[in-house]
Number of protein chains: 2
Amino acid sequence: MGLSIGVVGATGAVGRKMLEILKERNVAIDKLRVFASARTAGEKLDFNGQEVTVELLTEDVMKDQFDYLLFSAGGSVSEKYAPIAAEAGNIVIDNSSQWRMTEGVPLIVPEVNAHVLKGYQGIIANPNCSTIQMMVALAPLHRQYGIKKIVVSTYQAVSGSGHKAIVELAEQIKDEAYPSNVYPKRIAANCIPHIDVFNENGFTKEELKMVFETQKILEDNTIEVNATTVRIPVYYGHSESIYLELKEAPGIEEVKALLEEAPGVVVMDNPENNHYPTPLEVADTDDTYVGRIRKDLYNPNALSLWVVADNLRKGAATNAVQIIEAIESMK
Amino acid sequence: MGLSIGVVGATGAVGRKMLEILKERNVAIDKLRVFASARTAGEKLDFNGQEVTVELLTEDVMKDQFDYLLFSAGGSVSEKYAPIAAEAGNIVIDNSSQWRMTEGVPLIVPEVNAHVLKGYQGIIANPNCSTIQMMVALAPLHRQYGIKKIVVSTYQAVSGSGHKAIVELAEQIKDEAYPSNVYPKRIAANCIPHIDVFNENGFTKEELKMVFETQKILEDNTIEVNATTVRIPVYYGHSESIYLELKEAPGIEEVKALLEEAPGVVVMDNPENNHYPTPLEVADTDDTYVGRIRKDLYNPNALSLWVVADNLRKGAATNAVQIIEAIESMK
């Protein structure tokens, strides 16, 4: 007997990726339903060679019984509909930021904290794309040494802003006059240190997500995170330059060994042979790639690394589907 | 009576920019000579509406008398010819990395340490592009508070690798099959954490330049720098995400005031109105732009900022010409 799964926001960039990954990973689905707003309801989507009609999202359909409902339709849709679905007994895996920091809502990177899910029913939050890949890479180091401080600068792909942003970059590259609708400035041949809105403390909401989601996922509010998040003209794959202060001095070979053994991590670190990850190379895969691992020249407890992952996959859709797999494996 | 100036490597991207900026800044030139290798010697260049013939670079011509010789022809040319020119009594301003760390060779960012030049004759080194803009922004903060540690991640434009790299990016954007000759991987729709060669400590030479040039320019070997230098698909303008630990707690308004008064700095920091620098906006200007100034959430002595400048101008040619201006103003 397979699973009954619903995807809310199925026609967006992440929603479509969720369908792709459900199929790719051979999730045993008995019944798949897809939901969206009136704008795209009625459209037909392909799932595994079968045509699926997009149903209109309503309060009523959320009360139907599902094993899992995957949400990727923005914060306001999740705010309204996820509690209705959860109230009806459904497990909701929400890709928006709406419920991530809510007390009692598990915020899950399966390689890191799937244990939190044991016996849980209700809304589960999928972390921010930039947080997920950082957690996959850093959790093994936190367990071994304890993290004191993270200074991270990101190099984020436009696909994180949806299909419209991919079009904006592609068109602006060809046409100097193509307007900037998605981004506040031209993204072609540029980089923009501005993702999500600014908080009065000078950090963006995207940067603050990396602070507070990290503390929640690693279950340690003493970890200090300083983030600068930057959009660059790349289509797929977020990169992160991470400086890390640990509570004790790590051996660099031990760090590499820990990462090589870590679930979901691929170490690419032979720089003399140009062996380090770049977004173009790792896009369309599900792992988190780590390279440029090196000790700080001054602080014996500090090291630097470079972390890359596909933001639509591990940073969103794959992580959500892995949450289903984690729960199923506990049954 | 105007100056006698020679430009060595005049047909390269930075060499041409030097000619452009000598003219733009109305440097009083009586005699201009331009030099290059046999490959381009004999070509005609335009300077201020006058045709100038590229002369072949030889040991002999370097022994002629110049007020200033600007070198931008790579490390090996500077290694061989700069000492000959200096021995003949000429002031050499060298844009290569060849002499930067040599004891006794001044490494100059005019806004920061022009005082070192007083009465000096011989080779003067122009710092690395990424270092120059960081120094313009950070020197005023070092003087006021003392810098303990800098963690910097760069977003560097392809023009830093010369004209061939500009062509490589432009062609790869249009053509998926266009080969990567300048860079080890495709730069279009990608970012590459690899600039210059790797050292055995895991840092690149570009990253180590930012470490040791900073210490030399700020005359303080206790400053700790941790750098990650990354090439991104931008044509002109380097950006830097900088995390800074100071020796005392700065007031954020005081920091902004210090930077607003600092020579060569333009503060662009009203993020709610999308007012922060990006490379596309500040390219083709001579200043160093600072935005996203904010205090760390945890360490009262730490702050973050975002620094952007045109790498061919302030990062190379403008800085070199400003060194001439600084020496002339001391006369």
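As the structure is a computational prediction, the values presented were derived from the model and not from experiment.

Focus on the UniProt feature "binding site: phosphate" (unreviewed entry) in chain A
Residues and elements named next belong to chain A. The feature "binding site: phosphate" (unreviewed entry), as annotated in UniProt, sits at Arg100 in this numbering. The topology assignment puts arginine 100 in the loop between β6 (91-94) and α4 (110-113). Residues contacting arginine 100, with those up to four places away along its chain left out, are Asn95, Val105, Leu107, Ala125, Asn126, Pro127, Asn128, Lys209, Glu213 and Lys216.

Some details on the packing of helix α1 (residues 13-24) of chain A against helix α10 (residues 313-330) of chain A
Residue and element names in this part refer to chain A. Between α1 and α10, the shortest axis-to-axis distance is 9 Å and the interhelical angle comes to 50 degrees. Between α1 and α10, the crossing angle belongs to the class labelled oblique. Where α1 crosses over α10, the two elements pack in a sense that is right-handed. Together, Val14, Lys17, Met18, Glu20, Ile21, Leu22 and Glu24 of α1 and Arg313, Ala316, Ala317, Thr318, Ala320, Val321 and Ile324 of α10 make up the contact between the two elements. Counted by class, the contact of α1 with α10 contains nine nonpolar, one polar and four charged residues.

Examining the domain arrangement of chain A
Where interface size is quoted, it is often the accessible area lost as the parts come together. All names here are of chain A. Here chain A is described as being made up of domain 1 (3-126 + 316-330) and domain 2 (130-311). Centre-to-centre separation of domain 1 and domain 2, based on C-alpha positions: 25 Å. The interface is formed by 20 residues belonging to domain 1 together with 20 residues belonging to domain 2. For the pairing of domain 1 and domain 2, the buried interface totals around 1600 Å² over both sides, and the portion due to carbon and sulfur atoms is 57%. Between the two partners, domain 1 and domain 2, sit two salt bridges. Measuring nitrogen to oxygen at the nearest pair gives 3.5 Å for the salt bridge that ties aspartate 286 to arginine 25. Our enumeration of links across domain 1 and domain 2 arrives at nine residue pairs in polar contact (both at pLDDT 80 or more). Mapped onto the side of domain 1 that touches domain 2, the elements with two or more residues apiece are α1, α4 and α10.

With respect to the UniProt feature "domain: Semialdehyde dehydrogenase NAD-binding" (unreviewed entry) in chain A
Look at the UniProt record and you will see "domain: Semialdehyde dehydrogenase NAD-binding" (unreviewed entry) annotated at residues 4-120 of chain A. Spanning residues 4-120 of chain A, this segment combines 28% helix with 27% strand, and its end C-alpha atoms are found 18 Å apart.

Things to note about the relation of the copies chain A and chain B
Between the two copies, chain A and chain B, the superposition gives an RMSD of 0.0 Å; the rotation angle is 180 degrees and the shift along the axis is 0.0 Å. When the rotation and shift are considered jointly, the pair of chain copies conforms to a two-fold rotation axis.

Each value, and the rule that gives it
Along every chain, residues carry numbers that run from 1 in the direction the sequence is written. Chain labels run from A onward and ligand labels from 1 onward, assigned in the order the entries are written. Thresholds applied to this predicted model are a pLDDT of at least 70 for local features of residues and 80 or more for the giving and counting of side-chain atom pairs; totals over whole chains, interfaces and linings are not thresholded and use all residues. Derived side-chain values reflect all non-hydrogen atoms in the structure, with water molecules and hydrogen atoms excluded from consideration. UniProt positions are given in the numbering used here, feature names are shortened, and annotations may be inferred rather than shown by experiment. The numbering of helices and of strands both runs from the N terminus, where a helix is a DSSP run of H or I of at least 4 residues and a strand a run of E of at least 2. Note on contacts: a residue pair is in contact if any heavy atoms of the two residues lie within 4.5 Å. Geometry is summarised by axes, namely lines fitted to C-alpha atoms with helices restricted to the contacting stretch, and by angles between N-to-C directions that run from 0 to 180 degrees. Angle categories are assigned with fixed cut-offs, so that under 35 degrees is roughly parallel, over 145 is roughly antiparallel, 65 to 115 is roughly perpendicular, and the rest are oblique. Crossing handedness is defined as follows: a turn of the near helix away from the far one that is anticlockwise and smaller than a right angle gives a left-handed crossing, while the clockwise case is right-handed. Here the nonpolar group is Ala, Val, Leu, Ile, Met, Phe, Trp, Tyr, Cys and Pro; Asp, Glu, Lys and Arg are the charged ones; every other residue, Gly included, is treated as polar. Start and end positions for the domains come from either an automated domain assignment or a database one. Buried area is understood as the total, over both parts, of accessible area removed when two parts are fitted together, assessed with a 1.4 Å probe. Salt bridges are counted wherever a side-chain nitrogen of Lys or Arg sits within 4 Å of a carboxyl oxygen of Asp or Glu. N or O atoms within 3.5 Å of each other form a polar contact, as long as, within protein, one can give a hydrogen and the other can take it, and as long as residues adjacent in sequence are counted only when both atoms are side-chain atoms. The fit set for superposing copies consists of C-alpha atoms from residues with pLDDT of at least 70 in both; the fit itself is least squares.

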